[in-house]
Amino acid sequence: MTKKLTSDEYSKIISKLRDVQDFPKDGIVFKDITPLLGSHEELNILMSHLVNRYSSYNLDFIAGIDARGFIFGSILADRLGIGFVPIRKKGKLPYESISAKYELEYGFDEVEVHTDAFIGRKDARVLIIDDLIATGGTAKAACELVEKSGATCVECCFIIELEFLNGREKLDKYNIYSVMKF
Ligand code: AMP
């Protein structure tokens, strides 16, 4: 059973998030996680909580979404003693890749993963992680990539969930865990 964060621990982590108004464009409140990354005590509380949750999940890989998912994902993978797989924005991966499209406010974007990323484990059990879920489009495309690769997306984990954007609805096929909801 996952040990819940105490209210003191939760307050400590949340105190290290910073709202930046109108970034990257007018009307957006950007949840800046860099103060959390710079504070070892609070980052350690968060990562220990995730290690506690996921140590019983029998995971084979953590797949982190470009770019802040790489940070939390790499720490978690290392602490769990498993491999890390980057899910990158289009055109960044050097080797043969597969891609999945998702809709943005205006137009589309794509994420990619190497074709051999989950090879070596049959039916690999994968946790997808990102810093934040907003509309859920990016995470849904990431889930599709994991499944196209023949692996299983066991859960999607987010440090922050913007509940008012209903991203969960797009991911209704999947288990979702978010540490902090706004
Ligand atoms: P979405 O596909 O709409 O769920 O957007 C999620 C992705 O966009 C994540 O990789 C986030 O890092 C980033 N993102 C979206 N909205 C915000 C926000 N308000 N603050 C920080 N990052 C955001």
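In this text the structure is predicted, and so the values were computed from the model without any measurement. (Residues numbered from 1 in each chain as written. Predicted model: local features only at pLDDT ≥ 70, side-chain atom pairs only at ≥ 80, totals over all residues. Heavy atoms only, no water.)

1. Brief notes about the packing of helix H1 (residues 7-14) against helix H3 (residues 40-54)
Point 1. Packing of H1 against H3 brings their axes to within 9 Å, and their N-to-C directions diverge by 125 degrees. As summarised for this structure, H1 and H3 are arranged oblique, according to the angle between their axes. Handedness of the crossing formed by H1 with H3: left-handed. Contacts between H1 and H3 involve Glu 9, Lys 12 and Ile 13 from the first element and Glu 41, Glu 42, Ile 45 and Leu 46 from the second.
Point 2. For the contact of H1 with H3, the residue count by class is three nonpolar, no polar and four charged. (Axes fitted to C-alpha atoms, helices over the stretch in contact; angles between N-to-C directions. Helix = DSSP H or I, 4+ residues; strand = E, 2+ residues; numbered from the N terminus. Parallel < 35°, antiparallel > 145°, perpendicular 65-115°, else oblique. Left-handed = near helix turned anticlockwise from the far one by under 90°. Contact = heavy atoms within 4.5 Å. Nonpolar A, V, L, I, M, F, W, Y, C, P; charged D, E, K, R; others polar.)

2. Considerations on the packing of H3 against helix H4 (residues 68-80)
Point 1. Taken N-terminus to C-terminus, the directions of H3 and H4 make an angle of 55 degrees; their axes are 10 Å apart at the nearest point. Taken together, the axes of H3 and H4 are oblique relative to one another. As for how H3 packs across H4, the hand of that crossing is right-handed. Seen from H3, the contacting residues are Leu 43, Asn 44, Leu 46, Met 47, Ser 48, Leu 50, Val 51 and Tyr 54; seen from H4, they are Phe 72, Ile 75, Leu 76, Arg 79 and Leu 80.
Point 2. A breakdown of the residues in the contact of H3 with H4 according to their chemical character gives ten nonpolar, two polar and one charged.

3. Points about the packing of aromatic side chains
Point 1. Within this structure, the stated rule accounts for four aromatic pairs.
Point 2. For the pair Phe 23 and Phe 30, a centre-to-centre distance of 5.2 Å together with 85 degrees between the ring planes defines the contact as edge-to-face.
Point 3. Exposure remark for Phe 23: the relative accessible area of 44% places this residue in the partly exposed category.
Point 4. When the ring of Tyr 54 is compared with that of Tyr 57, the centres are 4.8 Å apart and the planes differ by 70 degrees; the resulting orientation is edge-to-face.
Point 5. Across from the ring centre of Phe 108, 5.7 Å away, lies the NZ or CZ of Lys 101, which sits over that ring. (Phe/Tyr/Trp six-rings, centres within 6.5 Å; stacked < 30°, edge-to-face > 60°. Buried < 20%, exposed > 50% of the residue type's maximum accessible area, 1.4 Å probe, protein only. Lys NZ or Arg CZ within 6 Å of the ring centre and 35° of its normal.)

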